[in-house]
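# Observations on the model geometry
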Amino acid sequence: MTQNSYTDSNIRWIYPLPAILFVALLMVFPVLYTTYISLTNWTLTSGTAPSFIGLSNYGQVLLEPRFLQALWRTFVFTFSAVAVEAVLGVAAALLLNRVFVGRSVVKLLLLLPLVATPVAVGIVFNLFYDPTIGLANYVLESLGLPGSSWISHADTVLFSLVLVDVWQWTPMITLIVLAGLASLSDEPAEAARIDGANEWQIIRLITLPMVMPVIVTAVILRLIDALKTFDIIFAMTGGGPGYASETLNLIGYKYSFEYFRMGQAAVILMVLFLIVLACSVAITRLGKRIER
Amino acid sequence: MKAVGLRILFYLAVVLLALIVLLPFLWMLISSLKTQIDIVAWPPKFIFSPTLQNYYKVFGEQDFIRYFINSTIVAVFAVGVSLLLGLPAAYSIARFSQRRLAMVILLARLMPGISFLMPWYIIFSRLGLMDSYVALVLSHVLITLPIVVWIMSSYFETIPLELEESAMVDGASRHYIFLKIILPLSGPGIITATTLSFIFSWNNFLFSQVLSMEKTRTLPIAVFNFLSYADIDWGGVMAASVAIMAPALVLTMIFQRYVVSGLTMGAVKG
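Within every chain, residues take consecutive numbers counted from 1 along the sequence as written. Here every chain gets a letter starting at A, and every ligand a number starting at 1, in the order they are written. Local features are withheld for residues below a pLDDT of 70 in this predicted model, meaning they are given only at 70 or higher, and side-chain atom pairs are given and counted only at 80 or more; totals for whole chains, interfaces and linings count all residues.

Next up on the list: the overall build of chain A. A count of helices and strands for chain A gives 14 helices and two strands. Every radius of gyration here is taken over C-alpha atoms, with the globule rule written as 2.2 Å times N^0.38, N being the number of residues. For chain A, whose C-alpha radius of gyration is 24 Å, the value lies well above the compact-globule estimate of 19 Å for 292 residues. Expressed as lengths along the three principal axes of its C-alpha atoms, the size of chain A is roughly 75 × 75 × 35 Å. Labels follow the DSSP assignment, with helices taken as runs of H or I lasting at least four residues and strands as runs of E lasting at least two, numbered in each case from the N terminus.

UniProt positions are given in the numbering used here, feature names are shortened, and annotations may be inferred rather than shown by experiment. Taking the UniProt record as the reference, the feature "domain: ABC transmembrane type-1" (unreviewed entry) is found at residues 71-283 of chain A. Helix makes up 75% of residues 71-283 of chain A and strand 0%, and the two end C-alpha atoms of the span are 21 Å apart.

Next up on the list: the environment of Ile37 of chain B. All names here are of chain B. By secondary structure assignment, the location of Ile37 is in helix α2 (residues 36-39). Field definition: a residue is buried when 20 or more other C-beta atoms are found within 10 Å of its C-beta, exposed when 12 or fewer are, and partly exposed for counts in between, with C-beta atoms placed from the backbone. Ile37 sits in the exposed class, given 10 other C-beta atoms within 10 Å. Along the chain, Ile37 and Gly235 lie 198 residues apart, while their C-alpha atoms are 9.7 Å from each other.

Taken together, the contact between chain A and chain B spans 80 residues of the former and 76 residues of the latter. When residues in the side of chain A that touches chain B are grouped by element, the largest group, 12 residues, is from helix α14 (residues 262-291) of chain A. Nonpolar residues are Ala, Val, Leu, Ile, Met, Phe, Trp, Tyr, Cys and Pro. Charged residues are Asp, Glu, Lys and Arg, and all others, Gly as well, are polar. Grouping the amino acids of the side of chain A that touches chain B by side-chain chemistry returns 59 nonpolar, 15 polar and six charged. By definition, residue pairs are in contact when their C-beta atoms, positioned from the backbone, come within 7 Å.

Here the focus is the UniProt feature "transmembrane region" (unreviewed entry) in chain A. Residue and element names in this part refer to chain A. Annotation from UniProt places "transmembrane region" (unreviewed entry) at residues 12-33, 70-96, 108-129, 166-184, 205-224 and 262-283. Taken end to end, residues 70-96 is 100% helix and 0% strand, and its first and last C-alpha atoms sit 37 Å apart. Helix makes up 89% of residues 166-184 and strand 0%. Its end C-alpha atoms lie 27 Å apart.

Moving on: helix α13 (residues 248-257) of chain A. The element α13 of chain A is extensively covered by neighbouring structure, given that nine of its 10 residues are classed as buried. Of the positions making up α13 of chain A, those classed as buried are Leu248, Asn249, Leu250, Ile251, Gly252, Tyr253, Lys254, Tyr255 and Ser256 of chain A.

Here the focus is the confidence of the model for chain A. The pLDDT score gives, residue by residue, the confidence of the prediction method on a 0 to 100 scale. Across chain A, the average pLDDT comes to 89, with 97% of residues at 70 or higher. By mean pLDDT, helix α1 (residues 5-9) of chain A is the weakest element of chain A at 77, and helix α5 (residues 65-96) of chain A is the strongest at 96.

Counting residues in hydrophobic clusters, the biggest one holds 161 residues, and the most contacted among them are Ile268 of chain A together with Ala90, Leu145, Val149 and Val223 of chain B. Sequence-distant contacts of Val149 of chain B, defined by excluding residues within four places in its chain, comprise Ala19 of chain A together with Gly86, Ala89, Ala90, Ile93, Ala102 and Ile105 of chain B. Note on definitions: a nonpolar core is a set of buried residues drawn from Ala, Val, Leu, Ile, Met, Phe, Trp, Tyr and Cys, linked by C-beta atoms within 7 Å.

We now examine the UniProt feature "transmembrane region" (unreviewed entry) in chain B. All names here are of chain B. UniProt records the feature "transmembrane region" (unreviewed entry) for residues 9-30, 64-89, 101-122, 134-156, 177-202 and 234-255 in the present numbering. Split by type, residues 101-122 is 86% helix and 0% strand. Its first and last C-alpha atoms lie 28 Å apart. The span residues 234-255 carries 95% helix and 0% strand; its end-to-end C-alpha distance comes to 31 Å.

Put simply, Gly240 of chain A and Pro241 of chain A share a cis peptide bond, and its omega is -5°. You can see Pro241 of chain A is positioned in the loop between α12 (231-236) and α13. With an omega of -5°, the peptide bond between Trp42 of chain B and Pro43 of chain B qualifies as cis. Here Pro43 of chain B shows up in the loop between α2 and α3 (53-61). The phi dihedral of Ser97 of chain B is positive, around 45°, even though this residue is not glycine. Positionally, Ser97 of chain B belongs in the loop between α4 (64-95) and α5 (99-110). The exposure class assigned to Ser97 of chain B is exposed, which follows from the 12 C-beta atoms found within 10 Å. Phi at Asp131 of chain B takes a positive value of approximately 60°, unusual for a residue other than glycine. Locating Asp131 of chain B in the fold gives a position in the loop between α6 (114-126) and α7 (133-157).

Here the focus is the packing of helix α3 (residues 17-37) of chain A against α7 of chain B. Contact geometry for α3 of chain A and α7 of chain B: axes closest at 11 Å, N-to-C directions at 135°. By the angle between their directions, the pair α3 of chain A and α7 of chain B is classed as oblique. Crossing angle aside, the handedness with which α3 of chain A passes α7 of chain B is left-handed. Contacts between α3 of chain A and α7 of chain B involve Ala19, Phe22, Leu26 and Met27 of chain A from the first element and Leu138, Val141, Leu142, Leu145 and Val149 of chain B from the second. When its residues are assigned to classes, the contact of α3 of chain A with α7 of chain B shows nine nonpolar, no polar and no charged. Each axis is a line fitted through C-alpha atoms, taken for helices only over the stretch in contact, and angles between the N-to-C directions span 0 to 180 degrees. In what follows, roughly perpendicular refers to angles from 65 to 115 degrees, roughly parallel to angles under 35, roughly antiparallel to angles over 145, and oblique to any angle outside these ranges. When the near helix sits turned anticlockwise from the far one by under a right angle, the crossing is termed left-handed; a clockwise turn instead gives a right-handed crossing.

This next bit is on the packing of α3 of chain A against α4 of chain B. It is at 7 Å that the axes of α3 of chain A and α4 of chain B come closest, and there the two elements cross at 120°. In terms of orientation, α3 of chain A lies oblique with respect to α4 of chain B. On α4 of chain B, the residues touching Pro18, Ala19 and Phe22 of chain A of α3 of chain A are Leu85, Gly86 and Ala89 of chain B.

Pasting the structure below:
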């Protein structure tokens with residue numbers, strides 16, 4: 001058993017090596033390749049080889065109104081969805097953070113949206129939103145409110161998509177915050193209660209500050225994922241009506257796999273990549289700060 | 001009296017919450033049991049005579065069983081390869097505190113998939129690997145590997161070092177320790193990692209949409225393709241949606257504890 005001394009002393013790079021090679025081959029190399037393509041003039045369907053044109057794709061794409069609108073829309077979608085999710089998610093966690101009959105059932109229910117296939121979720125919401133047969137307008141009209149055009153109109157489509165994201169991902173924040181709350185010590189809250197603090201004061205001044213690092217991490221994780229939202233938008237609207245629900249991910253897809261304008265597509269992908277990378281660096285920095 | 005009122009209010013809030021979470025699932029299930037006439041009825045029908053015709057249609061005419069098998073093949077192989085690559089890597093990360101390495105692999109989880117997908121598309125086309133299980137599995141491993149590494153490196157950290165140290169004193173090699181001592185103790189972690197990565201592969205849409213065609217088409221794509229018909233067969237789509245969601249939902253119910261810990265551990269650890 002001792003003849004493996006070479007393996008033993010080098011285990012720290014032998015064990016991770018296959019995983020590292022895999023990630024290098026399938027992630028690092030493609031990103032470098034995309035960077036190169038973004039500097040070329042290349043339409044896949046034209047049959048001609050890519051020709052190097054420097055930064056002119058960047059000049060062209062970054063000034064295009066369709067791109068700029070998609071960029072802006074990506075931020076609007078992301079921040080409104082995650083803001084609502086954070087508020088509702090934390091509120092639900094505070095609500096459920098006690099002993100009650102049916103707690104385990106509710107926790108199971110909260111898991112279901114997280115594992116539901118996003119494409120199918122989008123399709124179900126399409127049925128909800130259908131202006132002539134959908135449940136959404138039926139509920140509104142039952143309450144005496146006017147029906148909405150939901151995803152079929154440019155003014156309401158983004159809001160309707162945000163609702164889907166909120167339905168699917170708010171439970172993620174709730175579950176993470178619940179886990180965070182469970183790991184807290186009861187003592188500070190008990191001490192405050194003995195000193196005569198009411199429940200609201202305890203939540204606002206003790207519980208929330210203590211669980212804040214967990215909330216922040218959950219929110220950043222959500223931000224990163226919301227920036228990349230693709231499945232529900234693609235399935236529900238395909239970026240429409242017109243371009244009204246196109247996000248960066250959506251136009252990245254269309255430029256790549258519908259128009260095959262690879263050079264320009266690569267620019268869009270680079271922008272999305274860099275935005276997400278910046279958020280990811282932020283999360284690691286934050287993680288280190290919280291650890292200290 | 002006030003306490004009772006609060007209690008009632010609390011349960012009302014919980015029930016409302018549960019209803020909102022459940023509604024899309026219930027409506028999907030209800031609609032899948034309706035005829036097209038019942039589905040397009042206004043106002044929406046809540047009482048109707050249920051039928052299984054949509055399910056017959058989906059599994060009979062639409063070749064759904066093949067897509068089901070394709071999804072299973074891709075997910076099983078993606079999870080298998082991820083465990084093979086990810087378990088040793090996670091062990092090394094845990095034992096030698098290789099935080100930078102952990103970050104690089106985690107980046108694969110955080111980065112937008114589409115930024116790798118375009119180059120893959122070009123490369124796989126050149127290699128003649130479009131519409132192949134190999135290409136599809138490789139792309140899905142990029143989703144599942146970070147999940148395995150993330151969950152398992154945290155799990156390995158909880159296994160006491162003393163176990164390994166005493167085995168090393170007895171002359172056991174690292175390799176032996178990993179295979180015979182660490183892995184047998186890692187059941188719960190491996191269940192968590194396997195369940196979650198299977199579900200995320202199963203649900204993946206984007207990679208399969210681009211890399212698969214007729215032969216390797218997976219379920220999410222098949223469900224989506226239902227929509228492209230001019231006159232949407234809502235009953236069929238809903239039956240297909242139930243079929244695609246059922247495995248993930250059932251897995252989640254069985255392994256509830258593991259799924260919760262897997263989804264929440266990262267954030268709580270910081």
